[in-house]
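Examining the three-dimensional arrangement
What follows is each chain in one-letter form.
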Amino acid sequence: MQIGKMGLPQFARPKGQDGESSPNLYVANCGPAVGHSFDTVASVFSSFGEVKGVYAADESGARVIVSYIEESSAQEALKALNRRPCPDLGGRFLHIQYSIHQVPKQVHMNNSNPVALVASEVNIPGLYLWHDFITATEEEELLAEVDDRPWKSLAKRRVQHYGYEFLYETRNVDTRQHMGELPSFVSPILERISSISDVDGAANMDLDQLTVNEYPSGVGLSPHIDTHSAFEGSIFSLSLAGPCIMEFRRYSEGVSVPEPVSGTDSKVENPGSSSNFVRRAIYLPTRSLLLLSGEARYAWHHYIPHHKIDLVKDSVVRRGSRRVSFTFRKVRKGPCKCEFPQCCDLQR
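First things first, this report covers the structure right here in the doc. (Residues numbered from 1 in each chain as written. Predicted model: local features only at pLDDT ≥ 70, side-chain atom pairs only at ≥ 80, totals over all residues. Heavy atoms only, no water.)

Here we take up the nonpolar core. Counting 26 residues, the largest nonpolar core has Leu127, Phe248 and Ile282 as its most contacted members. When residues of this core are assigned to their parent elements, the largest contribution, three residues, is made by strand 18 (residues 244-251). In contact with Ile282, other than residues within four places in its own chain, are Val115, Ala116, Val118, Ala119, Val122, Leu129, Cys244, Ile245, Met246 and Phe248. In this structure, Tyr162, Leu182, Ile196 and Phe236 belong to the second largest nonpolar core, which totals 25 residues. (Core = buried A, V, L, I, M, F, W, Y, C linked by side-chain atoms within 4.5 Å. Buried < 20%, exposed > 50% of the residue type's maximum accessible area, 1.4 Å probe, protein only. Helix = DSSP H or I, 4+ residues; strand = E, 2+ residues; numbered from the N terminus. Contact = heavy atoms within 4.5 Å.)

Turning next to the sheet that holds strand 19 (residues 277-284). Overall, antiparallel pairing links the four strands, which are arranged 16-21-18-19 in an open sheet. With one partner strand each, in any of the chains shown, strand 16 (221-224) and strand 19 form the two edges of the open sheet. Across this sheet, the average inter-strand angle for adjacent strands is 20 degrees, counted without regard to direction. (Pairing = 2+ DSSP bridges. Axes fitted to C-alpha atoms, helices over the stretch in contact; angles between N-to-C directions.)

In this structure, Arg171 is a non-glycine residue whose phi angle is positive, near 55 degrees. Position of Arg171 relative to the elements: it lies in the loop between strand 13 (166-167) and strand 14 (172-173). When its relative accessible area of 10% is taken as the criterion, Arg171 is described as buried.

Another aspect to go through is the packing of aromatic side chains. Summed over the entire model, instances satisfying the criterion amount to five aromatic pairs. Geometrically, the ring pair formed by Tyr128 and Trp130 is stacked, given 6.2 Å between the ring centres and 20 degrees between the ring planes. For Tyr128, a relative accessible area of 28% corresponds to the partly exposed category. Geometrically, the ring pair formed by Phe166 and Tyr168 is edge-to-face, given 5.1 Å between the ring centres and 80 degrees between the ring planes. A residue is classified by how much of its surface remains accessible, and Phe166, at 5% relative accessible area, is buried. (Phe/Tyr/Trp six-rings, centres within 6.5 Å; stacked < 30°, edge-to-face > 60°.)

Looking at the secondary structure, you find His224 in strand 16. What makes His224 buried here is its relative accessible area of 6%. Within the structure, the side chain of His224 is placed 3.3 Å from the side chain of Asp226, a separation counted as a polar contact. (Polar contact = N/O pair within 3.5 Å; in protein donor to acceptor, adjacent residues only side chain to side chain.)

So, on to the pairing of strand 24 (residues 322-329). Of all eight residues making up strand 24, eight are buried, and the element is well covered by its neighbours. Because side chains alternate across strand 24, one face comprises the buried residues Arg322, Val324, Phe326 and Phe328, and the other comprises Arg323, Ser325, Thr327 and Arg329, equally buried. Pairing of strand 15 (residues 209-216) with strand 24, which is carried by eight bridges, proceeds in the antiparallel orientation. Among the inter-strand pairings, Pro216 is bridged to a residue of strand 24, identified as Arg322. As defined by bridge partners, strand 17 (residues 234-240) adjoins strand 24 across five bridges and the pair is classed as antiparallel. Each bridged residue has a counterpart across the sheet, and for Ser237 the counterpart in strand 24 is Thr327.

These figures capture arrangement, not role.
Printed below as a string of structure tokens:
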């Protein structure tokens, strides 16, 4: 039996009151948000037949999909439980309809570009990923801190800047405008970063700039390289509230590299021919920390596709209602001497 597998299942709520009969039930007023674990729901519904799986129907936590092996089992369960109090689920009235199996249209988008789960699968020098870098409690505390502070609205997302403000018009920072030290609520994160075994010299950096981005569901980030003249060689990004896929592009030598869009949240995702660059992709789960250093930071464009649904290792992953990232950087005070002049604004 599959219980709450990664991502949401491929089912749709039927239209109308008397949806087409199927072995799958859409059950409202039931789920973790109202005190019912997936295992408990499976146990209750298994009295009508063998349950194939119980899944979250959406992000609310109060609606589930119960999938049976036999359609007759779903018919019996709907007849017995729909619009009636269920003693085994706290006496709650359940609202049940048949659910139709449906493959989301967006699923095909990643088929041509396999998504890695760990950095070693991506094979980009300087790219590192740590899963569960913080706890769920720490995640909640960080989100509460930024939600209690003012946001600045861009075209499709909101941002906060600490230490130095990133100026989207010039894609740089004004080093003369120091906004103060980074806030105390990120001190534990900075300490944990400094304790990482030295990776490309990143752990010893005195990180002094933080950008907090809030992405609504389906909103991504257009391909770009963080300006070489603005920041040093290591960039840390902590993912909160929801997962996403980050993709990377390395353009061929001699190919004109596209200029980034101001704000980098436009939907222009495919400038030029796909034959002009190599593509890679990695799945960033919530509470993971990504490090871009060396070649990954200086030579590869990174971006977040504008999708609401992603395909990761044959599993459908629906993005949450929002994703919040904490990106830590070190403002550059001297020249860039990287080995990638094609991508360097100080060496072109």
